[in-house]
Amino acid sequence: MPEQTSFDRHELGEILRLYGRFVAAGIWRDYGISCLRERAVFSVFRHAAETPRYRIEKIPALRHKQGLYALFGPAGQLVKRGSTLRSVMAPLERKLLRALD
């Protein structure tokens, strides 16, 4: 088992592209990355001194069961789980499109 789990360059690129679009829209302002033993977490914030708006997590132990990636909402509720990062981030894409309308 690896000492820590992390996002690879491709995964981070996808996440940061979406993050940049939210920043440009004035919705998100800060992010944090945590590389832990069992999971990697990308958290997005409206303000740095608050709890995360959303967390995108990579959990290798669930790869064959529920999917490698998960999206959690502001209250910690599971929003979406899946095997591809793009499908897990789809609810955020829809939210961005609604915000821009």
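As a reminder, the structure under discussion sits directly above these lines.
Residues numbered from 1 in each chain as written. Predicted model: local features only at pLDDT ≥ 70, side-chain atom pairs only at ≥ 80, totals over all residues. Heavy atoms only, no water.

A.B. asks: Would you explain the side chain of Glu-11 in this entry?
C.D. replies: Along the chain, the position of Glu-11 falls in helix H1 (residues 9-24). Side chain to side chain, Glu-11 and Tyr-69 meet in a polar contact 2.3 Å long. Beyond its immediate sequence surroundings of up to four residues, Glu-11 is in contact with Ser-6, Lys-58, Tyr-69 and Leu-85. (Helix = DSSP H or I, 4+ residues; strand = E, 2+ residues; numbered from the N terminus. Polar contact = N/O pair within 3.5 Å; in protein donor to acceptor, adjacent residues only side chain to side chain. Contact = heavy atoms within 4.5 Å.)

A.B. asks: Hey, could you run me through the packing of aromatic side chains in this one?
C.D. replies: Two descriptors summarise a pair of aromatic rings, namely the distance from one centre to the other and the angle between the planes of the rings. In this structure the tally under the stated criterion is six aromatic pairs. Geometrically, the ring pair formed by Tyr-19 and Tyr-31 is edge-to-face, given 5.0 Å between the ring centres and 75° between the ring planes. Placement of Tyr-19 in helix H1 and of Tyr-31 in strand S1 (residues 30-35) is noted, with a sequence separation of 12 residues between them. Taking relative accessible area as the criterion, Tyr-31 reaches 37% and is therefore assigned partly exposed. Considering the side-chain rings of Trp-28 and Tyr-54, the 6.4 Å spacing of their centres and the 50° angle between planes classify their relative orientation as tilted. (Phe/Tyr/Trp six-rings, centres within 6.5 Å; stacked < 30°, edge-to-face > 60°. Buried < 20%, exposed > 50% of the residue type's maximum accessible area, 1.4 Å probe, protein only.)

A.B. asks: Hey, could you run me through the pairing of strand S2 (residues 40-45) in this one?
C.D. replies: In the case of a regular strand, side chains alternate between the two sheet surfaces. Within S2, six of the six residues are buried, which leaves it mostly tucked inside the rest of the structure. Alternating residues of S2 divide into Ala-40, Phe-42 and Val-44 and Val-41, Ser-43 and Phe-45, and every residue in both groups is buried. Where S1 lies against S2, six bridges are found, and the strand directions are antiparallel. For Asp-30, the partnering residue across the bridge sits in S2 and is Phe-45. Counting the residues in the hairpin turn of S1 and S2 gives four residues. The sheet contact formed by S2 and strand S3 (residues 54-58) spans five bridges and is antiparallel. Residue Phe-42 lies in a different strand from S3, and its bridge partner there is Ile-56. (Pairing = 2+ DSSP bridges.)

A.B. asks: How do you make sense of the pattern of salt bridges when you look at a structure like this?
C.D. replies: Oppositely charged side chains can form a pair if their charged atoms are brought close together. Within this structure, the stated rule accounts for five salt bridges. Between Glu-11 and Lys-58 there is a salt bridge, and its shortest N-O distance comes to 3.0 Å. Residue Glu-11 is located in helix H1, and its partner Lys-58 is located in strand S3; the two are separated by 47 residues in the primary sequence. By relative accessible area, Glu-11 is classed as buried at 5%. As a salt-bridge pair, Glu-14 and Arg-86 come within 3.8 Å of each other at their nearest N and O atoms. Taken together, the positions of Glu-14 in helix H1 and Arg-86 in helix H2 (residues 85-100) put the pair 72 residues apart, joining distant regions of the chain. (Salt bridge = Lys/Arg side-chain N within 4 Å of Asp/Glu carboxyl O.)

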